[in-house]
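Secondary and tertiary structure notes
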Amino acid sequence: FSIPSDVTYEWWLFSIRMVFFGVLSVFVLRVNFFLKESWLSILRHEQGLRDELKKHEKDIQKSHARARAMIQHGIKNICASMSASCEVALEDPDATIEDLRRELKRVQGLASMGVVLCNKRAKMAMVESDRFQPLCLPVDCCALLNSVATISPRIQISSSCNDLVALGDEDVIYFVLENALTNA
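As a starting point, this report considers the structure included with it. This one's a predicted model, so the numbers in the text were calculated from it and none came from an experiment.

Scoring rules and cut-offs
Residues numbered from 1 in each chain as written. Predicted model: local features only at pLDDT ≥ 70, side-chain atom pairs only at ≥ 80, totals over all residues. Heavy atoms only, no water. Core = buried A, V, L, I, M, F, W, Y, C linked by side-chain atoms within 4.5 Å. Buried < 20%, exposed > 50% of the residue type's maximum accessible area, 1.4 Å probe, protein only. Helix = DSSP H or I, 4+ residues; strand = E, 2+ residues; numbered from the N terminus. Phe/Tyr/Trp six-rings, centres within 6.5 Å; stacked < 30°, edge-to-face > 60°. Salt bridge = Lys/Arg side-chain N within 4 Å of Asp/Glu carboxyl O.

1. Points about the nonpolar core
One finds Ile78, Leu110, Met113, Leu117, Val139, Leu144, Val148, Tyr174 and Phe175 forming the largest nonpolar core, which totals 9 residues. If you list the elements that add at least two residues to this core, you get helix H2 (97–119), helix H4 (141–148) and helix H5 (170–183).

2. Observations regarding the packing of aromatic side chains
By the definition in use, this model includes 1 aromatic pair. Aromatic side chains Phe20 and Phe21 sit 5.3 Å apart centroid to centroid with 65° between the ring planes, which places their arrangement in the edge-to-face category.

3. Comments concerning the pattern of salt bridges
With the rule as written, the count across this model stands at 4 salt bridges. Among the salt bridges present, the one from Asp59 reaches Lys55, with a minimum N-O distance of 3.4 Å. Taken together, the residues span about one helical turn, with Asp59 and Lys55 both in helix H1 (residues 9–91) at a distance of 4 residues. Residue Asp59 is classed as partly exposed on the basis of its relative accessible area, which comes to 29%. Here Arg102 ties to Asp99 by a salt bridge, and the two come within 2.4 Å at their closest N and O atoms. A residue pair is termed a helical-turn pair when its members lie 3 or 4 positions apart in one helix, as Arg102 and Asp99 do in helix H2 at 3 residues. Arg102 sits in the partly exposed class, given a relative accessible area of 47%. Residue classification places Asp99 among the partly exposed positions, given a relative accessible area of 22%.

What follows is the structure in structure tokens.
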């Protein structure tokens, strides 16, 4: 390759600059295209994350709503049992002090059950979720039965239940027993 004799140094320098800047322009265009595609991909991913976050927030709100509904249902049943117990005690003309104390003890047990129910709200919400994995631990069923026996004076716990043990999640068993007995 030879340079013609009539080509000046300036023209040659100009040609090299033009080729260099042309290649540089193509390179810049490719980099801009790549950056644009990268930013669009990031924005699409960000939008996907936002959508996923909104879905997760809705799931949490639903879970909290279910937990509130469960608590409201449980408290309503407990209050109804307390009211019925007080009504029976007040309307019995032959009630003795011992009868009234027994009913007050029952009302106190029901109120305590309501406090326990409110304190276990997070567990109740978790029980209703799809991700819940119940525990598999020994549960003293007699203690659970005694704790929910205050719901009704007609519930009699046999003294032979002292050795009654089951494998499961104590909170879930408590919820089931409490709900079954208050709705009975």
